[in-house]
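Spelled out from the first residue to the last, the chains are:
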Amino acid sequence: MTTSPAPGWRSYANGRMLAVLVLGFSSGLPLFILLYLLQAWLAKSGLNVKALGLFALVQFPYIWKFLWAPLMDRYRILGLGRRRGWMALTQVALFFAIGGMGMLDPLTQIGLIAAAAGGVAFLSASQDIVIDAYRREILDDNEQGLGAAVIVNAYKVAGMVPGALSLILADRMPWQPVFWITAAFMLPGLVCTLMIREPTVYGSPPKTMREAIILPFQEFIARDGWRNAMWILAFVLLYKIGDSMATALATKFYLDLGFSMTQIGLAANTTGFWASLAGGVVGGVWMLKLGINRGLWVFGALQAIAILGFAWLAQVGPNTMLLSAVIGFEAFASLGLGAAAFVAFLSRTTDPRYTATQYALFSSLSAVPRTLINASVGFLVAELGWFSFFIVCFFLAFPAMMMLPKIAPWRSANGTNIP
């Protein structure tokens, strides 16, 4: 793979970074619909906290997407190429799936809503596979840190739609048009997909389904051996587990404290948007100096500390200024800094010949806390209360940090993952 000179601020303005930005928005939107809009819709319909927690299981496809990722490494569809064809197909399907989900009745069709949400998750995970592969292939190795910052910022911009705009609209109109309006934000990504070019193919991509399934895993294991491969997979699983659990039922937490949906949309999520935007930019630029390895250390520590802010808010109660401050710091540290370093690490760990399958494997593991473990969050909250729950989440951030000397040595700022 070719390597260009070290990138500067101009990397944010070129066409490749612009495509990553727009596609990152398209990638993040369905996930935040499941995390924010679906949660608010069901909470307002009267669903209890335990049932809301179990709805995290509809995100199961994010864990298993590596199973069908080889199809996207192997086949071209719709005459648009290996990456663009799959992107277009999933984006069109997501538009109709998101809008159609909002036409169901949460009081009488909760089973159908669960199935529809699972369908959105499957399509979203499939779109993530190909967009992640496109980003890894279109950027040079020394641009991965900045590219990670761009994708993190695009994700948070996407989160503002269901997490702020849609909630504000839901206070003023029925849920059905809210879902269709939200679904329409998938269309810019589709337009981008139709305008961009296919990335350069590196090496020899899989020629058969057998190669598409076996070679990516074979290369990953052969690179550093079974033992080191397991260290990497364990780290990917645990790095964001504390933060993921702490924010799993954030909307329910804010509602329980007494905030209105408009306050959540305007105060919390708007503040969080600007803070995470700043965090993503700062994280990307800071990693040019720190390197990815050291970024994991510094940013990981900050995202763990941010969890304590939620415990503080649980003690103080419905204070709008404190809500904005806590959400702002968590967004800056976790959705900005921590996510930028983590995405850059995942990208660096993939082989460009098998991007879709390997990145899908890593991102699937990172989704485990959000999907399986977060399903227990409602029960933990019911037993512990919000304050004690957030303290538990804080301590869950430590195992991954203790693995950093092995996974990302401080002395090797941008070197290989395993010394």
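The rules we used
- In every chain, residue numbers begin from 1 and rise along the written sequence.
- Since the coordinates come from a predicted model, pLDDT governs what is reported: local features require at least 70, and pairs of side-chain atoms require 80 or more to be given and counted, while whole-chain, interface and lining totals use all residues.
- Excluded from the side-chain calculations are hydrogens and water; all other atoms, namely the structure's heavy atoms, are used.
- Elements are defined by DSSP. Helices are runs of H or I of four residues or more, strands are runs of E of two residues or more, and each kind is numbered from the N terminus.
- Two rings belonging to Phe, Tyr or Trp (six-membered ring only in the last case) form a pair when the distance between their centres is within 6.5 Å. Interplanar angles under 30 degrees mark stacking, angles over 60 mark edge-to-face geometry, and anything in between is tilted.
- Geometrically, a lysine NZ or arginine CZ counts as sitting over a ring once it is within 6 Å of the ring centre and also within 35 degrees of the ring normal.
- Partly exposed residues are those whose accessible area sits between 20% and 50% of the maximum for their type, while under 20% is buried and over 50% is exposed, using a 1.4 Å probe and protein chains only.
- Each domain's extent is set by a domain assignment, obtained either automatically or from a database.
- We call two residues in contact whenever any of their non-hydrogen atoms come within 4.5 Å of each other.
- Buried area, as used here, totals the accessible surface that two parts lose on assembly, with accessibility defined by a 1.4 Å probe and the loss added over both.
- Whenever a carboxyl oxygen of Asp or Glu lies within 4 Å of a side-chain nitrogen of Lys or Arg, that contact is scored as a salt bridge.
- Identification of polar contacts relies on pairs of N or O atoms within 3.5 Å, with a donor-acceptor requirement for protein atoms, meaning one able to donate a hydrogen and the other able to accept it, and with residues adjacent in sequence counted only if both atoms are side-chain atoms.

Q: Please give an account of the environment of Val298 that cites residues and values.
A: By the element assignment, Val298 lies in helix α15 (residues 292-316). Placed 93 residues apart in sequence, Val298 and Ile391 show a C-alpha to C-alpha distance of 20 Å.

Q: Describe the packing of aromatic side chains, listing the residues and the values that go with them.
A: Under the counting rule described, the total for this entry stands at 27 aromatic pairs. For the ring pair Phe395 and Phe398, a centre distance of 6.0 Å and an interplane angle of 25 degrees mean the geometry is stacked. Grouped by ring-pair contacts, the aromatic residues Phe253, Tyr254, Phe310, Trp386, Phe389 and Phe390 constitute a single cluster. It is Arg74 that lies over the ring of Tyr75; its NZ or CZ is 4.9 Å from the centre.

Q: Can you explain helix α13 (residues 250-257)? Please cite residues and give values.
A: In terms of residue burial, α13 counts as a mostly covered element, since 6 of its 8 residues are buried. Of the residues making up α13, those classed as buried are Ala250, Thr251, Lys252, Phe253, Tyr254 and Leu257. Positive phi shows up at Gly258, right after α13, with a value of about 115 degrees.

Q: Quick rundown of the domain arrangement of the chain? Include the residues and the values.
A: When cut into domains, the chain gives domain 1 (12-201) and domain 2 (220-407). Placing a centre on the C-alpha atoms of domain 1 and another on those of domain 2 gives a separation of 19 Å. Contacts between domain 1 and domain 2 engage 50 residues on the former and 52 residues on the latter. Counting each side, the surface lost to burial between domain 1 and domain 2 is near 4400 Å², with a carbon and sulfur contribution of 69%. Where domain 1 meets domain 2, there are 0 salt bridges. Where domain 1 packs against domain 2, one counts 14 residue pairs in polar contact (both at pLDDT 80 or more). At the level of elements, α1 (15-44), α2 (49-54), α3 (61-64), α4 (69-74), α6 (110-138) and α7 (144-170) are the ones that each hand at least two residues to the side of domain 1 that touches domain 2. The element best represented in the side of domain 1 that touches domain 2 is α7, accounting for 16 residues.

Q: Give me the environment of Leu94: which residues, what numbers.
A: Tracing the sequence through the fold places Leu94 in helix α5 (residues 84-101). Sequence separation between Leu94 and Pro30 is 64 residues, and the spatial gap between their C-alpha atoms is 7.7 Å. Those residues in contact with Leu94 that lie beyond four places of it in its chain are Pro30, Val120, Leu123, Ser124, Gln127 and Met186.

Q: Break down the pattern of salt bridges for me, with residues and values.
A: Taken as a whole and judged by the stated rule, the model has 7 salt bridges. Between Glu137 and Arg82 there is a salt bridge whose closest N-O contact spans 3.8 Å. Here Glu137 is found in helix α6, whereas its partner Arg82 is found in the loop between α4 and α5, with 55 residues between them in sequence. Note on accessibility: Glu137 and Arg82 belong to one class, buried. A network of salt bridges, in which partner residues are shared, links Asp73, Arg82, Arg83 and Glu137.

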